[in-house]
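# Descriptive analysis of the structure
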Amino acid sequence: MPLDEYSDSDESDAHDIRTSVLLGLADGAITSDKDLSKIRVSRIGGKPVFPVGTPAPPLKVSHCDSCSSPMELLVQLWCPFEGSAFDRVLYVWGCARRRCQRKPGSVKAGRALRYNSKYAAKLAAKLEKRKAELATPRSSNNPFSFNQKGGFAPQLFAGGFDGPSPLAPEPAEDNEGLSSGDPSSASEDEDEDDGTGLSRQIAGISLDDNSGDWSLVPSYLPFYLDSVGEYIAPPSAISRSMPKASVGQDNDGQWVTEGYERTKEIDPMFEKFTAIVSEEPQQCLRYELSGIPLPFSSESVYKSLFPPVGSRSSAPREGTVITGSGAILAANADEVAGKRVYEPSVIRPCDACGGPRVFECQLMPNLINVVRAASQPAKKTLSAEERKSELARLLKGPASRVGDETNSDAKEDMEWGTCMVFSCISDCCRRKGANDVWSDAENGFVEEVVMVQWDT
């Protein structure tokens, strides 16, 4: 039901609303070397895997701008664009060092692309067939336009299983075979290679001598990343469910309480964030290409992305569509921070082609819980001498804890509330050559924009 058709009179028989957002959930540790080597297996943690036959990017793309150290991979997503001939993988890295929290460049993202010639031929044949069919119009639908769910591949996140994920949305009949996300049409180079490419994938060794050895980078325990559709309560129900004095008095004691307990002052936008996320507390990622991000709080990033109506940057760009649970936030914007409108044009254009970037996905607080639990070392029994030494360090202050002699270099919990990734809508595949000039290529790696809202 469209949001503007909902009223309180419908409340008695109202059902949860299916949004156009896909939620990414952790779905068990990855123990198979074969799965670890596949670019089509989306994951949390682990070491990054790049398309076979393409040069790996330089290690510096994963280095923290604050401490210059390599960061752990947070997520790797198989997410080719609908109707594109390119295999596409998105990567997000984050630094967990204490001194790097709240610093620019401590969370980074980028996408690797590989031209899939086999699928390109199939796609061309499909398009020619469609053109012939369109010679006798039978409907007003444009089969080549992005679908209303943002244009992401129907098989997004698929790859952890032999066939399509049972929880992924079914592709529309008109779009059947048009997505390079279809495992049947994707390049099988990583599985049918002569062994050289696969062994490089497993070892994480770069094909480019200048890129470094990716097998040496630090990493978290890898988990499969499964996808489910998002269902949330109607707008008025969300408003009523927002906590009045405090957040997180959950009867079941869900992690959502623990994840947000450091927030001292609760603003209206944070209340809405909590109400929507509490519908599926285990979500680690939200994906909605060309959609609208879900703000964590009403701080500067929110104010930049949602300028006041009437300001120079608040007029929606032609063709901008606000969908998903973000539309519910927009529908209730008057209650939150006055009249504000999401404006994607404030995002820096693509460095490679100069085209506009759009929201693609965002990392959620539960992802921190997942990687933290997996990286906790087993507790060992201390000897009397070790306990005495530990007590002495504690008395000197928190900077002297065991394994934390440098304090600022110690790795603890990341402190962000959400990390929003914005990608080139054209999904350009370009490489920077001599004199820093970009040119079209059949494969490459392009860094994208991440906007971070920090926990308070």
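Here the structure is shown first, and the text comes after it.
What comes next is a walk through the structure. (Residues numbered from 1 in each chain as written. Predicted model: local features only at pLDDT ≥ 70, side-chain atom pairs only at ≥ 80, totals over all residues. Heavy atoms only, no water.)

Next up on the list: the overall build of the protein chain. Helix and strand content of the protein chain: 12 helices and 12 strands. Across the 456 residues in the protein chain, those meeting the buried criterion constitute 50%. Considering only contacts within the protein chain whose residues lie at least 6 apart along the sequence, 80% involve residues at least 24 apart. Here the protein chain displays about 21700 Å² of accessible surface, and carbon together with sulfur accounts for 50% of that area. (Helix = DSSP H or I, 4+ residues; strand = E, 2+ residues; numbered from the N terminus. Buried < 20%, exposed > 50% of the residue type's maximum accessible area, 1.4 Å probe, protein only. Contact = heavy atoms within 4.5 Å. Areas by Shrake-Rupley, 256 points an atom, 1.4 Å probe, with all protein chains shown as cover.)

Another point: the packing of aromatic side chains. Counted according to the given criterion, the structure contains 12 aromatic pairs. Each ring, one from F270 and one from F296, has its centre 5.2 Å from the other, and the planes form 80°; the classification is edge-to-face. On the criterion of sequence distance, the pair formed by F270 in helix α7 (residues 268-277) and F296 in the loop between β7 (283-287) and α8 (300-305) is long-range, its members being 26 residues apart. Each member of the pair, F270 as well as F296, carries the same accessibility label: buried. Ring centres of Y302 and F306 lie 4.9 Å apart, and the angle between their planes is 25°; this geometry places the pair in the stacked category. The exposure classification of Y302 matches that of F306, with both residues buried. Among the aromatic residues, those joined into a cluster by ring pairs are F50, Y91, W93, W214 and F445. (Phe/Tyr/Trp six-rings, centres within 6.5 Å; stacked < 30°, edge-to-face > 60°.)

Where strands meet in a sheet, backbone hydrogen bonds hold them as pairs that are either parallel or antiparallel. Pairing in this closed barrel of 10 strands is antiparallel, and the strands run β1-β6-β2-β3-β4-β5-β12-β9-β8-β7 around the ring. Running at roughly 105° to β7, α7 makes contact with β6 (223-232), β7 and β9 (416-424) of the sheet. (Pairing = 2+ DSSP bridges. Axes fitted to C-alpha atoms, helices over the stretch in contact; angles between N-to-C directions.)

Another aspect to go through is the pairing of strand β8 (residues 357-363). With respect to burial, β8 is a largely interior element, 7 of its 7 residues being buried. Sheet topology note: the β7/β8 ladder contains 3 bridges and is antiparallel. For Y287, the partnering residue across the bridge sits in β8 and is C361. Of the pairings in the sheet, the one linking β8 to β9 comprises 6 bridges and is antiparallel in character. Paired with R357 across the strands is C424, a residue of β9.

What follows is about the nonpolar core. If you look at the biggest cluster of nonpolar residues, it comprises 34 residues, and the most contacted ones within it are I44, L77, Y287, L363, L367, M414 and W416. Sorting elements by how many residues they give to this core places helix α11 (residues 365-375) first, with 4 residues. What I44 contacts, discounting residues up to four positions off in sequence, is A26, L74, V75, L221, P222, F223, L225, C284, L367, V370 and V371. One finds I39, V61, C64 and V89 within the second-largest nonpolar core, a separate group that totals 19 residues. (Core = buried A, V, L, I, M, F, W, Y, C linked by side-chain atoms within 4.5 Å.)

Further remarks concern the environment of Y231. Relative to the helices and strands, Y231 is located in strand β6. Of the residues examined, Y231 reaches a relative accessible area of 45% and is grouped as partly exposed. Between the C-alpha atom of Y231 and that of L23, which follows or precedes it by 208 residues, the distance is 9.9 Å. One polar contact links Y231 to R18, side chain to side chain, over a distance of 3.4 Å. (Polar contact = N/O pair within 3.5 Å; in protein donor to acceptor, adjacent residues only side chain to side chain.)

Moving on, we get to the side chain of T418. Mapped onto the fold, T418 is located in strand β9. The buried category is assigned to T418, whose relative accessible area is 0%. Here the side chain of T418 touches Q362 through a polar contact of 2.9 Å, side chain to side chain. Beyond its immediate chain neighbours, meaning those up to four positions away, T418 contacts L294, F296, Q362, L363, M364, M451, V452 and Q453.

Another aspect to go through is the pattern of salt bridges. Here the structure, examined in full by the defined rule, presents 14 salt bridges. Note that D427 is salt-bridged to R88, the shortest N-O span being 2.7 Å. Taken together, the residues D427 in the loop between β9 and β10 (430-432) and R88 in strand β4 (residues 86-94) connect sequence positions 339 residues apart. Both residues of the pair, D427 and R88, count as buried. As a salt-bridge pair, E133 and R130 come within 3.9 Å of each other at their nearest N and O atoms. Of the two residues, E133 and R130 are both situated in helix α2 (residues 117-134); the distance of 3 residues between them amounts to about one turn of the helix. By relative accessible area, R130 is classed as buried at 13%. (Salt bridge = Lys/Arg side-chain N within 4 Å of Asp/Glu carboxyl O.)

Our next topic: α2. Taking 1.5 Å as the rise per residue, α2 with 18 residues should run 26 Å; its terminal C-alpha atoms sit 25 Å apart, in good agreement. Those residues of α2 lying buried are Y119, A120, L123 and R130. Projected down its long axis, α2 shows its buried positions confined to an angular sector of 100°, all on one face. Opposite the packed face of α2, turned more than 90 degrees from it, sit the exposed residues K118, K129 and A132. Among the structural elements, β5 (107-115) are those in contact with the buried residues of α2. (Expected span 1.5 Å × (residues − 1). Arc of directions from axis to C-beta.)

Time to look at the environment of P307. Here P307 lies in the loop between α8 and α9 (324-331). The class for P307 is buried, based on a relative accessible area of 4%. For the pair P307 and R340, spaced 33 residues apart in the sequence, the C-alpha separation amounts to 5.4 Å.

As a further point, take the state of the cysteines. Evaluation of the coordinates by the stated rule reveals 0 disulfides. C64 forms no disulfide, and the closest cysteine sulfur to it belongs to C100, at a distance of 3.8 Å. Free of any disulfide, C424 has its nearest cysteine sulfur in C353, 3.6 Å distant. The exposure class of C424 is buried, given its relative accessible area of 0%. (Disulfide = S-S within 2.5 Å.)

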